[in-house]
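Chain and residue survey
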Amino acid sequence: MTPQLLFYILIGIILAKFLFDTFLDAQNAKHFNDPIPKELKGIYNTEEYEKSQAYKKENYTFSLITSTFSLVLTLLFFMFDGFAYVDEIARNITDNTILITLIFFGIILFASDILTLPFSYYKTFVIEEKFGFNKSTLKTFIFDKIKGWLLLLIIGGGILALLTWFYQLTTTNFWLYAWGLIAVFTVFMNLFYSKLIVPIFNKQTSLEEGELKTAIDNFGKKVGFKLDNIFIIDGSKRSTKANAYFSGFGSQKRVTLYDTLINDLETDEIVAVLAHEIGHYTKKHIIYNLILSLILTGFTFYILSLFIGNQLLSQALKVEITSFHIGLIAFGILYSPISEITGFLMNIISRKFEYEADEYAKNNYNAAALISSLKKLSKNSLSNLTPSNLYVKFHYSHPTLLERILNLKK
Ligand SMILES: [Zn+2]
């Protein structure tokens, strides 16, 4: 194969991915005006329904504009040998391979974040604002950005530096060391994410004694599940949208409830959401997900190790000196069709787990309470009640609201 051919293959993959995503979005948009299934009638009144329609359409147009902008930017960068240019900048600053990698990715990530900043600003302060979701202030928005960059610099930079170093030391066995590093990091983050990362962005407080705490304790006793760590997070600082999640395992397991969830739902509905989360834990979904993602990581690193030393990757991007960082870029694009497939499979598994967690809540608590909580949550986030089947298959980690309600009513 010639570098020229590989260059066109890379461009072809980028274009194909864009066309496929755009096709899925368009497919989904075609179903915006579908009649609402009878199980879902009454979630919106006429005015709310019209608002939800407008919200869907606005987001659709917005995502089409952003993705087209990103595509044009990426293609221009390829056409004008952007990677070679940034590679040269990094090499002019230092001779140290690890530092070159860090500077190279630092420039690319920072520049693309700055270029897409107007879009994220518009999404938060124009679209979300218009539909009454946004609670974020400009100050929070700016601080979130800065904190995000610092975290990326420290954690992302640290990992990237170690990976580059491993590669220098062990070339062929590189993937094993890389895998080990990511495995340790993933398990660590699973355990301590809520304690170390979340507090940088949000306030978390223990759930106080009261009606809700008693109801949760009673449910815990009934199913024999000890849950001491229930936290309320101030999601309302940024958005009115509500959420709840389970994290960690063993002694580090905890449930986090958004304050918006507590405002929107009745006590039995919150316990039903919690029962669903406990279902995930009891059925070991958290561990299975962790193991699956570790296997996938190992597989990806193994394939990477087969390609990364090939000078064709660098030549295709018009970079003279073969290097780890240029190899990573080219590999990332070549691998993206495979990650599309693994993502598709992971979504299938995830949706199966969601059904199982719903079933747990139904068998151990109350299907009706879960149904009404799901309906309220959908209504309050103006969610799409009639997504296209194809779109759901590729993008939904949860079954649709209709599917979940039908399953709970079975
Ligand atoms: Zn779930």
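All of the points below concern the structure found in this document. (Residues numbered from 1 in each chain as written. Predicted model: local features only at pLDDT ≥ 70, side-chain atom pairs only at ≥ 80, totals over all residues. Heavy atoms only, no water.)

Before going further, it helps to examine the coordination of the zinc ion. Every protein donor of the zinc ion is listed here as H276 (NE2), H280 (NE2), E354 (OE) and E354 (OE), and their distances to the metal cover 2.0 to 2.7 Å. Its four donor atoms give the zinc ion angles of 52 to 138° at the centre, a pattern that matches the irregular case. Counting gaps between the donor residues of the zinc ion yields the pattern H-x3-H-x73-E. With H280 in helix α10 (residues 267-282) and E354 in helix α13 (residues 324-364), this pair connects stretches of sequence that are 74 residues apart. By relative accessible area, H280 is classed as buried at 9%. (Donors = N, O, S within 2.8 Å, 3.2 Å for Na, K, Ca; no water. Tetrahedral: all angles 85-135°; square planar, octahedral: opposite > 155°, others 65-115°. Helix = DSSP H or I, 4+ residues; strand = E, 2+ residues; numbered from the N terminus. Buried < 20%, exposed > 50% of the residue type's maximum accessible area, 1.4 Å probe, protein only.)

To continue, consider the environment of F80. Inspection of the secondary structure assignment puts F80 in the loop between α2 (46-79) and α3 (82-93). Owing to a relative accessible area of 66%, F80 belongs among the exposed residues under this scheme. In this structure, the C-alpha to C-alpha distance between F80 and Y245, residues 165 residues apart in sequence, is 44 Å.

Among the nonpolar cores identified, the biggest contains 43 residues, and I216, L227, F246, L257, L274, I278 and L401 are the most heavily contacted of them. Examining the composition of this core, we find that seven residues originate from one element, α10, more than from any other. Among residues more than four places away in sequence, those in contact with F246 are F225, L227, K253, R254, V255, E277, I278, Y281 and I286. In terms of nonpolar packing, the next biggest core, distinct from the first, is built from 26 residues, F83, L313, V319 and I333 among them. (Core = buried A, V, L, I, M, F, W, Y, C linked by side-chain atoms within 4.5 Å. Contact = heavy atoms within 4.5 Å.)

Taking 1.5 Å of rise per residue, the 14 residues of helix α14 (residues 367-380) would be expected to cover 20 Å, and the 20 Å separating its terminal C-alpha atoms lies within 8% of that figure. A367, A369, L370, I371, S373, L374 and S378 are the residues of α14 that are buried. Put simply, N366 is the residue that caps the front of α14, since its side-chain oxygen is 2.9 Å from the backbone nitrogen of A368. (Expected span 1.5 Å × (residues − 1). Polar contact = N/O pair within 3.5 Å; in protein donor to acceptor, adjacent residues only side chain to side chain.)

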